[in-house]
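Breakdown of the fold
One-letter residues, chain by chain:
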Amino acid sequence: MDEVKTGAGAGAGAEETPRKKRKALKLKDLGLGVPATGGEVLRDAKEVAAIESHWRGLGGGKPAKGGKKVKYIDELARLQFELIKLQEWVRVNGLKVCVLFEGRDAAGKGGVIKRITESLNPRVCRIVALGTPTEKERGQWYFQRYVAQLPAKGEIVLFDRSWYNRAGVEHVMGFCTDAEYQEFLRACPLFEEMLVQSGIILIKYWFSVSDEEQEKRFTERMRNPIKRWKLSPMDLESRKHWVEYSKAKDAMLEHTDKKLTPWYIVDADDKKKARLNCISHLLQQIPYQDIAPVELDLPPRQSDDGYKRPKKSKQNWVPEVY
């Protein structure tokens, strides 16, 4: 089982910090192989199966101590169990939780969101990943289409990119005017302050990934048919504007990293450590208690009373290939 090292020094280095030179990329390093039998799909399936085996009878367990090597699956299962407790606390107490996930392309935002949601109720925790605004939306107040997606009472909403598109891709790629960009930097802190004052718990994460690691992940996506859909022409174009995106991120943090609505930076060069660190931190942001689930009694099944099922030969059954 994979191990990750936590604690001081585990995630040293930020986005612009130089990294050690990596070896030349090899397909086996990317975990590609035959798409139907190997690669990311198989790894994810094994991870899910291993986690589910931990859920049975899991009493919560103890968190891993900093500076120690921990088994990734063990710790992820424990954190997901805690997320279930948090979800129930949010639902019962009518909390409104809004979490933003921002960062460079291929920084690992989707992987973290996937691990957060896979054990939760989609009626309580939902993902918002808005596409390109329509012509009508372009004529609206900029924040309008995001307001419609904000959480109601008892709901957790995870934004896979958010209104910060204007501070990043729209600004760098020229999809908004300079006046619109400057207005965003002015209005965004006020907008977020209103959200918090209205009772929304707003948590913002920026996933920091080095140039070298992003290039490795882009190369993997280009070669791996299972990941190819993740790579868009805009992602490739962004590589030409690496420094401009860095400057835009710095300006964004300068204007919107406020005491009431702070940014939390996740060192995302190691995907597994990033997932554990982010989920662990998220759990610390909302004080919650373990609410014992309501005890259920399985009622007896209704008797047939002479009911006869139709013949299978008259129905269209899926062929039993496996």
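To keep things clear, this report deals only with the structure shown in the data block. (Residues numbered from 1 in each chain as written. Predicted model: local features only at pLDDT ≥ 70, side-chain atom pairs only at ≥ 80, totals over all residues. Heavy atoms only, no water.)

With that settled, the discussion passes to the pairing of strand β5 (residues 155-160). Counting buried residues in β5 gives 5 out of 6 residues, a clear majority hidden from the surface. Pairing of strand β4 (residues 125-128) with β5 involves 4 bridges; the strand directions are parallel. Pairing of I127 across the sheet is with L158, part of β5. (Buried < 20%, exposed > 50% of the residue type's maximum accessible area, 1.4 Å probe, protein only. Helix = DSSP H or I, 4+ residues; strand = E, 2+ residues; numbered from the N terminus. Pairing = 2+ DSSP bridges.)

This part is about the nonpolar core. L83, V99, F101, I116, L158, Y205 and F207 are the most contacted members of the largest nonpolar core, which totals 31 residues. Where this core is concerned, the elements lending two or more residues are α3 (72-93), β3 (96-103), α4 (109-117), β5, β6 (200-208) and α12 (271-285). Considering each element in turn, this core owes the most residues, 7 residues, to α3. Not counting residues within four places of it along the chain, the set of residues in contact with F101 comprises K109, V112, I113, I116, L158, F159, D160, R161, Y205, F207 and C278. Formed by 26 residues, the second largest nonpolar core is a distinct cluster that contains A167, F184, L185 and C188. (Core = buried A, V, L, I, M, F, W, Y, C linked by side-chain atoms within 4.5 Å. Contact = heavy atoms within 4.5 Å.)

Let us look at the pattern of salt bridges. Evaluated as defined, the whole model comprises 13 salt bridges. Measuring nitrogen to oxygen at the nearest pair gives 3.1 Å for the salt bridge that ties E135 to R138. Here E135 and its partner R138 are both found in helix α5 (residues 135-138), 3 residues apart, which amounts to about one turn of the helix. As far as burial versus exposure is concerned, E135 and R138 are alike and both exposed. R145 is paired through a salt bridge with E137; the nearest N and O atoms lie 3.5 Å apart. A residue is classified by how much of its surface remains accessible, and R145, at 12% relative accessible area, is buried. (Salt bridge = Lys/Arg side-chain N within 4 Å of Asp/Glu carboxyl O.)

Turning to the packing of aromatic side chains, a few remarks are in order. Counted under the stated rule, the structure contains 16 aromatic pairs. Consider the rings of Y142 and F143, whose centres lie 5.4 Å apart with planes at 75°: the pair is edge-to-face. Of the two residues, Y142 and F143, neither departs from the other in class, the shared state being buried. Note on Y205 and Y264: the rings are 6.0 Å apart at their centroids and 45° apart in plane angle, and the pair reads as tilted. A residue pair is termed long-range when its members are at least 10 positions apart, and Y205 in strand β6 and Y264 in strand β7 (residues 263-267) qualify at 59 residues. Y205 gets classed as buried once you look at its relative accessible area, which sits at 1%. An aromatic cluster is defined as three or more aromatic residues linked by ring pairs; in this entry it consists of W141, Y142, F143, Y146, F159, W163, Y164, F184, F191 and W263. Geometry around W242 places R104 over its ring, the cationic atom sitting 3.4 Å from the centre. (Phe/Tyr/Trp six-rings, centres within 6.5 Å; stacked < 30°, edge-to-face > 60°. Lys NZ or Arg CZ within 6 Å of the ring centre and 35° of its normal.)

That's the geometry; what it means functionally is another story.
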